[in-house]
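# Analysis of the macromolecular model
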Amino acid sequence: DHLTSLANRMLLHQRLQLLIESNLSSGKKFGVLFLDLDNFKEINDSLGHDIGDMILINVAKTLLLATRKTDTVARFGGDEFIILVDDIESGDVLRHIASKLVTNLQQPIRVHHMDIGVTTSIGISLFPDHGKDFNQLIKSADVALYEAKSAGRNTYKVFTPPSKL
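The rules behind the values
Residues numbered from 1 in each chain as written. Predicted model: local features only at pLDDT ≥ 70, side-chain atom pairs only at ≥ 80, totals over all residues. Heavy atoms only, no water. Buried < 20%, exposed > 50% of the residue type's maximum accessible area, 1.4 Å probe, protein only. Helix = DSSP H or I, 4+ residues; strand = E, 2+ residues; numbered from the N terminus. Pairing = 2+ DSSP bridges. Core = buried A, V, L, I, M, F, W, Y, C linked by side-chain atoms within 4.5 Å. Contact = heavy atoms within 4.5 Å. Expected span 1.5 Å × (residues − 1). Axes fitted to C-alpha atoms, helices over the stretch in contact; angles between N-to-C directions. Phe/Tyr/Trp six-rings, centres within 6.5 Å; stacked < 30°, edge-to-face > 60°. Lys NZ or Arg CZ within 6 Å of the ring centre and 35° of its normal.

What follows concerns the pairing of strand 1 (residues 29-37). Among the 9 residues in strand 1, 8 count as buried, and that is most of the element. Taken together, the 7 bridges between strand 1 and strand 3 (residues 80-88) define a ladder with antiparallel strand orientation. Paired with Leu35 across the two strands is Phe81, which belongs to strand 3.

Looking now at the nonpolar core. In this structure, Leu33, Leu35, Ile55, Leu63 and Leu101 are the most contacted members of the largest nonpolar core, which totals 31 residues. Going through the elements one at a time, strand 1, helix 2 (40-47), helix 3 (49-65), strand 3, helix 4 (91-105), strand 4 (109-111) and strand 6 (120-127) are the ones with two or more residues in this core. Apart from residues no more than four positions distant in its own chain, Leu33 is found in contact with Phe81, Ile82, Ile83, Val85, Leu94, Ile97, Ala98, Leu101, Ile122, Gly123 and Ile124. Counting 18 residues, the second largest nonpolar core, distinct from the first, contains Ala7, Phe34, Leu84 and Phe134.

Next up on the list: helix 4. With 15 residues, helix 4 should reach 21 Å at 1.5 Å per residue; the first-to-last C-alpha distance of 21 Å fits that figure. Of the surrounding elements, those touching the buried residues of helix 4 are strand 1, helix 3, strand 3, strand 6 and strand 7 (156-158).

The next thing to look at is the sheet that holds strand 3. With mixed pairing, 5 strands are arranged side by side in an open sheet as 2-3-1-6-7. Both edges of this open sheet fall to strand 2 (72-77) and strand 7, since each of them pairs with a single strand only. Within the sheet, the average angular offset between the axes of one strand and its neighbour, ignoring direction, is 20°. Pairing of strand 6 with strand 7 involves 3 bridges; the strand directions are parallel. Paired with Ile122 across the strands is Tyr156, a residue of strand 7. Where helix 1 (residues 9-26) meets the sheet, it contacts strand 1, strand 2, strand 3 and strand 6, and its direction lies at approximately 20° from that of strand 3. Helix-sheet contacts for helix 3 involve strand 1, strand 2 and strand 3, and the interaxial angle to strand 3 is about 5°.

All right, on to the packing of aromatic side chains then. Scanning all chains against the criterion turns up 2 aromatic pairs. Between Phe30 and Phe127 the ring centres are 4.8 Å apart and the planes differ by 15°, which places this aromatic pair in the stacked class. You can see Phe30 sitting in strand 1 and its partner Phe127 sitting in strand 6, a full 97 residues away along the chain. On the basis of relative accessibility, which here comes to 0%, the residue Phe30 falls in the buried class. On the basis of relative accessible area, Phe127 is assigned to the buried category, the value being 1%. When the ring of Phe34 is compared with that of Phe76, the centres are 5.4 Å apart and the planes differ by 75°; the resulting orientation is edge-to-face. Highlighted residues: Phe34 in strand 1 and Phe76 in strand 2, separated in sequence by 42 residues. In terms of burial, Phe34 and Phe76 fall into one category: buried. Arg9 extends its terminal NZ or CZ atom over the ring of Phe76, reaching a point 3.9 Å from the ring centre.

Here you go:
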């Protein structure tokens, strides 16, 4: 991504495809965290896109510092980010990371002598439980993201498959 220097959508797709292929044979799990900055449009509209861009750059740095070198942090588009967390034992690891990210991103960001508060909502999906291909894993994480937003924002939710009657 030219603004944040994170992986872009194309590189994310390639890395996710590689994870799927290697983990299908090994039986290992990995997670997808889908982050969206809460009310980011208001920041762009009221403070300008240059301030919004600085916030996105700061958020990207925060995400990189909060993840392992083996994880993939990508800007999916606009104010949406996706983190691929490889080689995990259970969803508990993903909940821990998401909780840490929610806390870390609450810290005010200093831009041009202003402290700007940003919060994030996060949706989580787990391979292979919530999908076995790129589209399904992203869709499951996106559904969970909107559950987090509906729950009042500044939180995370793990995808819950619809119950079968």
